[in-house]
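Residue strings, one per chain:
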Amino acid sequence: MDSFEDTLRQLREAFNTGRTRTAEFRAEQLRGLSRFLRDHKQQLQEALAQDLHKSTFESEVSEIAISQAEVDLALRNLRSWMKDEKVSKNLATQLDSAFIRKEPFGLVLIIVPWNYPLNLTLVPLVGAIAAGNCVVLKPSETSKAIEKILAEILPRYLDQSCFAVVLGGPQETGQLLEHRFDYIFFTGNAYVGKIVMAAAAKHLTPITLELGGKNPCYVDDNCDPQTVANRVAWFRYFNAGQTCVAPDYILCSQEMQEQLVPALQNAVTRFYGDNPQTSPNLGRIINQKHFKRLQGLLGCGRVAIGGQSDENDLYIAPTVLVDVQETEPVMQEEIFGPILPLLTVKNLDEAIDFINRREKPLALYAFSKRSQVIKQVLARTSSGGFCGNDGFMHMTLSSLPFGGVGASGMGRYHGKFSFDTFSNQRACLLRSPGMEKINDLRYPPYSRRNLRMLLVAMQERSCSCTLL
Amino acid sequence: MKDESVSTNLLTKLSSAFIRKEPFGLVLIIAPWNYPLNLMILPLVGAIAAGNCVVLKPSEVSKNTEKVLAELLPQYLDQSCFAVVLGGPEETGQLLTHRFDYIFFTGSPRVGKIVMAAAAKHLTPITLELGGKNPCFVDDNCDPQTVANRVAWFRYFNAGQTCVAPDYILCSQEMQEQLVPALQNAITRFYGDNPQTSPDLGRIINQKHFKRLQGLLGCGRVAIGGQSDEGERYIAPTVLVDVQESEPVMQEEIFGPILPLVTVRSLDEAIDFINQREKPLALYAFSNNDQVVNQMLERTSSGGFGGNDGFLYLTLPTLPLGGVGNSGIGRYHGKFSFDTFSHQRACLLRSPGMEKLNDLRYPPYGPWNQKLLSWAMGSQSCILL
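Residues numbered from 1 in each chain as written. Chains lettered and ligands numbered in written order. Predicted model: local features only at pLDDT ≥ 70, side-chain atom pairs only at ≥ 80, totals over all residues. Heavy atoms only, no water.

You'll find chain B entered in an unreviewed UniProt entry as Aldehyde dehydrogenase family 3 member B2 isoform X2, with Mesocricetus auratus given as the organism. The UniProt entry for chain B carries the following comment under Sequence similarities (unreviewed entry): "Belongs to the aldehyde dehydrogenase family." (UniProt positions renumbered as here; feature names shortened; annotations may be inferred.)

As annotated in an unreviewed UniProt entry, chain A carries the name Aldehyde dehydrogenase and is attributed to Mesocricetus auratus. The UniProt entry for chain A carries the following text under Sequence similarities (unreviewed entry): "Belongs to the aldehyde dehydrogenase family."

Below, the structure written as structure tokens:
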């Protein structure tokens, strides 16, 4: 019996009362989230600044506004998403009612990482609430300031019989995972993803795993280096590189590299000034452990831009590495920091082979003025998401599903995809209790004639035929 | 297969946003013995349509179909992309230590857990089509003969070896007294006075299951049938009454031509009974009163639901077939199969030019950048002032 048992039991009991089933209840919770974001905006920005040195701009754009947008989208569409979805019928079921009913799974667990601690809590939470579930939130103990707000303030804005925040580190999370949930939504790394899936397997719990990987960024010779440098740099150094969909490394020709490096320097200077450590717009590394890890990577290849670090500030300068070998540490793990290695390839084919030899990434980028090149990279690789000529803008569109493939994850969310993720799609067929004579066709003793007619009746309605 | 265009916001208006369907790569399909052709071919269709290569692992228990699948089917496919592998639990275990890009499993929850645990080692996505005890509620307000016909047909189809068959009936004592003779009528009509001689009644797959089912015949009291013949692996279409919840027939998925009737005092009691148990693959409710059917639907959960009939819903490819909770994860049939075996890749293609527009988002940040960007991101359909 551990500390979670009571909490989980209470949430299940609340779920079984049917409280979360009405649209009104769900909308009320969603409006609660809205009020939470509005009432505590400043506090949230301060907490994000404390945890990650996030600028107000980044907090607004990648944490607060994005969460608010998802809440608003869910509120606007809740009733239509909840509606039974009628489906087309065959001849045998013409007079019946056939539809897909969306139901909550029940008790959902959402495990959140530290890099976008508000966004990656609230956006899944919106989906789980909209779908009618009760939720246990496990924020990251690493992003302490936000964890505190989520634990102490967020619950006040939700019906606390149906939603709980639980705290703890890896050990507590392991204990939590021994319990049975009806859905587990995990964002984090692949190593822990496997542990989560193995724990889920014991209870046959469905899951979504939003993992990571090394997101390749191919830069064609035919492009404008400064434009590409601006775009890549922004997405790489956003949140000091601690973004699961950030471009992780560049693949380009030797010639392109020689143009890209000065262009990247221009971009870095433009964005963060001559001394980026003094820029209010550059984030910091989350903690000592990751700082040391990243500091170690600065020794790979050759530093072309940046390379400075300051332990007391958890500061790593926006860095570009060249002459990097595939075997070096910086190419062996997801960087998750403001370091951008450039690797040279001889041509597009070599780049594609390089990419395809490795695990499928969460995101893949290709820059070229020629759409044929973009299309080739897209057609000949696989990844969770893809953007041509830009970084992770595809994530800002709630009409696009966000998720990985292979080692970068399974499942997807954002917008309606979140609602679908947290819903059981129940197939329903309601027939008449009468008209039993028609069923004579299907009952034994079986005859060839009956069989023929039955097969016709089972066909798709759209082959519109006249019954002779 | 077509790219699916999606709506854009203001920031992406001039871009091309779509979802591209891609194959996962190498798919493993593990099929059971009860519908050995259907449960191999239907998933295979989805996997092929989605562009995958496939390893088929048919059940070694349905030996004749296994032989046909192993020897004849490959002749009709490009053998560089499709393979049939044979073996029992041990070989399947070995197979599962390898990495696949998708695993589609139909079978029992016990083995489902083993499959999911194996998939977890490689972060392989899965669909598990499992089973359970599918409840069948029969309201007092109904025509007993109609209900008996429908329930009997779906129960004894394939000698009861169907994952979505009604597993047990919940009804009032009064209803039970009307249902039993009606069920006898239905059985006699379908299979004759001596069902063992009917060409339309199936047999149990093997000795192990025959023995298991024979054991269940001792539960409660036999109201109809109860005969068995080991030489033929024949179990008569059977109805049991006075069954206790704790008896073996109510503890495991029956998967045979035995139908227990469990009495309840009310709809509420039936719903509580159902909800205390694992979520089933299918749930059935019979009533002339559609309010009653709707209440059953509203207050329970299951993979699929049939009102006033059995598993006819799975003949509609527009309805997804799949479980929830202990009865499974994922769904297929029709387009759902294609979607199951496809990775939905989010794609955004932007212009390499028009860099000036991006000034909005780059540091150094002023108060204007933030406001405009947030607004532009949130707006799905609006006019730029």
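(A) Inspection of the overall build of chain B at higher detail. Tallying secondary structure elements over chain B gives 11 helices and 18 strands in all. If one aligns the C-alpha atoms of chain B with their principal axes, the spans along those axes are about 85 × 50 × 30 Å. With 385 residues in all, chain B has 57% of them scored as buried. Excluding contacts between residues fewer than 6 apart, the proportion of contacts in chain B whose partners are at least 24 apart in sequence is 65%. Looking at chain B as shown, the accessible area adds up to about 15400 Å², and 56% of this sits on carbon and sulfur atoms. (Helix = DSSP H or I, 4+ residues; strand = E, 2+ residues; numbered from the N terminus. Buried < 20%, exposed > 50% of the residue type's maximum accessible area, 1.4 Å probe, protein only. Contact = heavy atoms within 4.5 Å. Areas by Shrake-Rupley, 256 points an atom, 1.4 Å probe, with all protein chains shown as cover.)

(B) Broad picture of the UniProt feature "domain: Aldehyde dehydrogenase" (unreviewed entry) in chain A. In the numbering adopted here, UniProt assigns the feature "domain: Aldehyde dehydrogenase" (unreviewed entry) to residues 7–426 of chain A. Counting secondary structure, residues 7–426 of chain A comes out at 42% helix and 17% strand; the distance between its end C-alpha atoms is 28 Å.

(C) Broad picture of the UniProt feature "domain: Aldehyde dehydrogenase" (unreviewed entry) in chain B. Annotation from UniProt places "domain: Aldehyde dehydrogenase" (unreviewed entry) at residues 13–344 of chain B. With 34% helix and 21% strand, residues 13–344 of chain B has its two end C-alpha atoms placed 21 Å apart.

(D) Summary view of the UniProt feature "active site" (unreviewed entry) in chain A. Residue and element names in this part refer to chain A. In the numbering used here, UniProt assigns the feature "active site" (unreviewed entry) to Glu-210. Within the fold, Glu-210 resides in strand β7 (residues 207–210). You can call Glu-210 buried: its relative accessible area is 2%. Contact partners of Glu-210, with chain neighbours within four places excluded, come to Phe-185, Phe-186, Thr-187, Gly-188, Phe-402, Gly-403, Ser-408, Gly-411, Arg-412 and Tyr-413.

(E) Highlighting the side chain of Thr-121 of chain A. Residue and element names in this part refer to chain A. If you trace the backbone, Thr-121 turns up in helix α5 (residues 119–130). Looking at Thr-121, the relative accessible area reads 1%, which means it is buried. Setting aside its immediate chain neighbours within four residues, Thr-121 contacts Val-112, Leu-137 and Leu-150.

(F) Fine view of the sheet that holds strand β5 (residues 163–165) of chain A. All names here are of chain A. Read from one edge of the open sheet, six strands run β5-β4-β3-β6-β7-β17, paired in mixed fashion. The outermost strands of the open sheet, each flanked by one partner alone, are β5 and β17 (409–410). Sheet strands touched by helix α1 (residues 3–16): β3 (107–111), β4 (134–138) and β5. Its angle to β4, the strand with the most contacts, is close to 155°. (Pairing = 2+ DSSP bridges. Axes fitted to C-alpha atoms, helices over the stretch in contact; angles between N-to-C directions.)

(G) View of helix α4 (residues 109–122) of chain B. Between the first and last C-alpha of α4 of chain B there are 20 Å, a value that for 14 residues agrees with the 20 Å anticipated at 1.5 Å per step. Within α4 of chain B, burial applies to Pro-109, Gly-112, Val-115, Met-116, Ala-118, Ala-119 and Ala-120 of chain B. Considering only its buried residues, α4 of chain B is in contact with α8 (190–201) and β7 of chain A together with α3 (89–97), β6 (102–106), β7 (126–129) and β17 (328–329) of chain B. Leu-123 of chain B, located one to two residues past α4 of chain B, shows a positive phi value of around 55°. (Expected span 1.5 Å × (residues − 1).)

(H) Quick look at the interface of chain B and chain A. Facing the 97 residues of chain B at the interface are 98 residues of chain A. The junction of chain B with chain A conceals about 8100 Å² of combined surface from both sides, 57% of it contributed by carbon and sulfur atoms. By the criterion of area lost to chain A, the three top residues of chain B are Leu-123, Arg-345 and Tyr-365 of chain B, representing 9% of everything that side buries. Counting across the interface, chain B meets chain A through 11 salt bridges. Arg-270 of chain A serves as the salt-bridge partner of Asp-359 of chain B, at 2.8 Å between the closest nitrogen and oxygen. Among the elements that make up the side of chain B that touches chain A, the one with the highest residue count is α4 of chain B (eight residues). Partitioning the side of chain B that touches chain A into residue classes produces 46 nonpolar, 33 polar and 18 charged. Here strand β18 (residues 423–430) of chain A pairs with strand β16 (residues 304–307) of chain B via four bridges, running parallel. (Buried area = accessible area lost by both parts, 1.4 Å probe. Salt bridge = Lys/Arg side-chain N within 4 Å of Asp/Glu carboxyl O. Nonpolar A, V, L, I, M, F, W, Y, C, P; charged D, E, K, R; others polar.)

(I) A look at the packing of helix α3 (residues 41–52) of chain A against helix α4 (residues 56–82) of chain A. Residue and element names in this part refer to chain A. Interhelical geometry of α3 versus α4 gives an angle of 110° and a closest axis separation of 10 Å. Accordingly, the angle class assigned to the pair α3 and α4 is roughly perpendicular. Contact residues: α3 offers Lys-41, Leu-44, Gln-45 and Leu-48, while α4 offers Thr-56, Ser-59, Glu-60, Glu-63 and Ile-64. Residue classes in the contact of α3 with α4 are distributed as three nonpolar, three polar and three charged. (Parallel < 35°, antiparallel > 145°, perpendicular 65-115°, else oblique.)

(J) How the structure looks around the confidence of the model for chain A. Predicted confidence across chain A gives a mean pLDDT of 96, with 98% of residues reaching 70 or more. Low pLDDT, under 50, characterises residues 462–468 of chain A; the stretch is placed with zero contacts to residues that sit more than four places away or in other chains. (pLDDT = per-residue confidence, 0-100.)

(K) Highlighting the nonpolar core. Within the largest apolar cluster, 154 residues are counted, with the highest numbers of intra-cluster contacts made by Leu-33, Phe-36, Leu-125 and Val-219 of chain A. Of all hydrophobic cores here, the second largest spans 73 residues; its members include Leu-261, Ala-282, Phe-286 and Phe-311 of chain B. (Core = buried A, V, L, I, M, F, W, Y, C linked by side-chain atoms within 4.5 Å.)

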